[in-house]
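What follows is each chain in one-letter form.
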Amino acid sequence: MYTLITGLYKQWTQKEEFYVIILGLDNAGKTTLLERIKSIYLGVAGLPPEKIAPTVGLNIGKVEINNTRLNFWDLGGQRELHSIWEKYYSECHAIVFVVDATDKERIEEVKETFETVITNDTVEGVPVLMLANKQDVPSALKVHEIKEIFNPIALRLGARDSKVLPVSALKGDGVQEAVDWLFVRLQRNRTNRPPIFRN
Amino acid sequence: MGFWTAFLTTLGIVRRRVSILILGLDNSGKTTIIAHFIRASSVPAAPSPTSPPPIVPTVGFSLEKFDYENLNFTVFDMSGQGRYRELWKHYYDDTDGLVWVLDAGDKERMAVVREELWSVLSHKALQQKKIPIVFFANKMDLEGSLTPQECIAALGLEEIRDRNWNIVASSAVNGEGLNRGLEWLAGQLKER
Ligand SMILES: Nc1nc2c(ncn2[C@@H]2O[C@H](COP(=O)(O)OP(=O)(O)OP(=O)(O)O)[C@@H](O)[C@H]2O)c(=O)[nH]1
Ligand SMILES: Nc1nc2c(ncn2[C@@H]2O[C@H](COP(=O)(O)OP(=O)(O)OP(=O)(O)O)[C@@H](O)[C@H]2O)c(=O)[nH]1
Ligand SMILES: [Mg+2]
Ligand SMILES: [Mg+2]
C-alpha cells in the first residue's frame with residue numbers, strides 16, 4: 001500500500017524533462033534564439049541582443065509547457081567547437097539546427113555541417129528542426145529556397161521527424177511555432193527517447 | 001533589498017552588489033586579474049611616488065571590491081595553494097558567481113585542475129545553486145599555452161550541463177580577454 005501511494009505521489013509530483021540541443025554555425029543566431037525563447041516563456045527580459053557574445057561554453061534555458069520541462073542547451077558554433085557537440089548527443093531528445101539564412105556564402109559549409117550531425121549514429125531517430133533564421137532581413141533565403149538547397153541530403157535524415165521553419169530570433173517571429181513543433185515531436189518520439197523524470 | 005535601494009538600483013544610481021569567488025590553482029593569476037579590475041574601476045589618482053605593491057602569492061584569501069558596469073563586485077580572492085584549498089568550500093553559500101582561473105601554460109597540472117574543479121562542482125552547496133562560471137584560460141601570452149578548446153578537452157568542461165559556463169582566453173599581464181570574461185559574468189548576474 002505504501003509503495004502504491006508513494007508511486008502515485010511520484011507520478012503526480014514528478015516532472016518530465018526533455019533536452020534539446022541548439023546547433024549551427026557561429027553567428028547563426030543560436031544564443032539570440034535561446035534568449036528569445038526565455039523571454040517568451042519565462043517573461044524575463046533576457047540579455048539584450050547587443051550584449052550577446054560568441055559562445056564558447058554552454059547556455060541553458062529551461063521552459064515549462066503543460067507541466068513538462070524543456071531544457072535547451074545552446075552550444076558554440078565555431079569550427080573548433082563542433083567536436084564538442086557530439087558529447088551531448090546521447091542525452092538529447094531533439095536537435096534544433098539554426099541557419100543564418102542571410103549568409104548565402106556559407107550555405108555549403110552549413111550543408112556539410114548539417115549532414116555530419118544528422119548522420120551521427122547516436123542521434124538516429126531524434127527529431128531535427130531546422131530554423132531559417134534572420135527572416136526579418138528581406139534578402140534572407142525563404143523556407144522553400146532552403147528546402148531546395150538541402151533536398152539532396154534530405155534522404156539522409158532517415159525515418160525521423162524533421163521540419164524547416166522560418167524564424168527571426170531577433171524579433172521573435174516564428175519562435176513560438178518552433179517550440180510548439182518541438183513539443184509535439186518530443187512526445188511522439190518518447191518511446192525511442194524517453195523523458196527524464198525529476199522531482 | 002529595500003524599496004528605495006531597489007528603485008535607485010533600477011535607475012542605475014546605486015550599483016547592485018554581487019559577490020563572486022575566484023578559484024584556481026596557485027600561480028594561475030587570480031590576484032593579478034583582480035588587480036586589473038580594481039585598477040580599471042578606481043578613479044585615477046595623482047601619480048603616487050611609490051609603485052603599487054607587487055603581487056605575491058595569496059595567504060588564505062583576500063577580500064577585494066571593485067565596480068564593473070552597474071555592478072558592485074565583492075570578490076573573495078582565494079589562495080590556490082594546496083593547503084588552503086580546504087578553505088574554498090566555506091564561501092560557496094554566499095557567492096553569486098564563480099571565476100575559475102587556469103594557467104593555460106601549465107599543462108602538467110591540468111589533471112590536478114580537473115580533480116579540484118570536479119570536487120568543487122560536486123559540493124552540495126554548489127549542486128543546489130546553479131551559479132554561472134567563467135573560466136579564464138590565462139597566460140595566453142605564453143608560447144604554447146592551451147587554447148580554450150584545448151582546455152575544454154583537458155578538463156572535460158562539456159560535462160558541466162546544469163549551469164551556464166563560458167571560457168575566455170586571457171592574459172592578466174596585458175589585459176587581453178579580461179573584460180570579455182567579466183562582461184559575460186556581469187550579463188549572467190544581471191539577469192536575476
Ligand atoms: N537580423 C537578424 N540578426 C540576428 C537574428 N538572430 C541573431 N542575429 C544576429 O546574429 C549575430 C549572431 O548571433 P548569436 O546569437 O550570437 O549567434 P550564435 O549562433 O549564438 O553564435 P556562436 O555563439 O558563435 O555559435 C548577432 O549579431 C545577432 O544579433 C535575427 O533573427 N535577425
Ligand atoms: N605571463 C603571464 N604571467 C602571468 C599572467 N597572470 C599572472 N601571471 C604571473 O603569474 C604569477 C602568479 O600570479 P598571481 O596573480 O599571484 O596568482 P594567484 O592565482 O593569485 O596565486 P595564489 O594566490 O598563490 O593562488 C605572477 O608572477 C604573475 O605575474 C599572465 O596572463 N601571463
Ligand atoms: Mg552563441
Ligand atoms: Mg593570489
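See the structure above.
Counting starts from 1 at the beginning of each chain's written sequence and moves along it residue by residue. All chains are assigned letters beginning at A, and all ligands numbers beginning at 1, according to the order in which they are written. Given that this is a predicted model, residues contribute local features only at a pLDDT of at least 70 and side-chain atom pairs are listed and counted only at 80 or more, while totals for whole chains, interfaces and linings are drawn from all residues. Calculated side-chain values reflect all of the structure's heavy atoms, with hydrogen atoms and water omitted.

Quick look at the site of ligand 1
Residue and element names in this part refer to chain A. Near ligand 1 you find 20 residues, and of these Lys 30, Thr 32, Thr 55, Gly 77 and Asp 136 are the closest. Under this definition, polar contacts are N or O atom pairs within 3.5 Å; protein pairs additionally need one hydrogen-donor-capable and one acceptor-capable atom, and for neighbouring residues in sequence, both atoms have to be side-chain atoms. Taking Asn 27, its main chain carries an N or O atom lying 3.0 Å from an oxygen atom of ligand 1. Here an oxygen atom of ligand 1 and a backbone polar atom of Ala 169 are 2.9 Å apart. When ligand 1 sits alone it has 660 Å² of accessible area, and the protein chains cover 84% of it. Secondary structure elements follow DSSP: runs of H or I no shorter than four residues count as helices, runs of E no shorter than two count as strands, and numbering proceeds from the N terminus. At three residues, the largest contribution of residues to the shell around ligand 1 is made by helix α2 (residues 30-42). Of the residues assigned to the shell around ligand 1, the class counts are seven nonpolar, nine polar and four charged. Throughout, near means a residue has at least one heavy atom within 4 Å of the molecule or strand. Residue burial considers only the protein chains on display, and all accessible areas are found by Shrake-Rupley using a 1.4 Å probe. Basically, the charged four are Asp, Glu, Lys and Arg, the nonpolar ten are Ala, Val, Leu, Ile, Met, Phe, Trp, Tyr, Cys and Pro, and anything else, Gly included, counts as polar.

Brief notes about the site of ligand 2
All names here are of chain B. Of all residues adjacent to ligand 2, which total 20 residues, the nearest are Lys 30, Thr 32, Gly 80, Asp 141 and Ala 172. Ser 28 has a polar backbone atom sitting 3.3 Å from an oxygen atom of ligand 2. One of the backbone nitrogen or oxygen atoms of Gly 29 is found 3.0 Å away from an oxygen atom of ligand 2. Protein contact buries 82% of the 660 Å² of open area that ligand 2 shows by itself. Residue contributions to the shell around ligand 2 peak at three residues, all from helix α2 (residues 30-41). In terms of residue class, the shell around ligand 2 is built from six nonpolar, ten polar and four charged.

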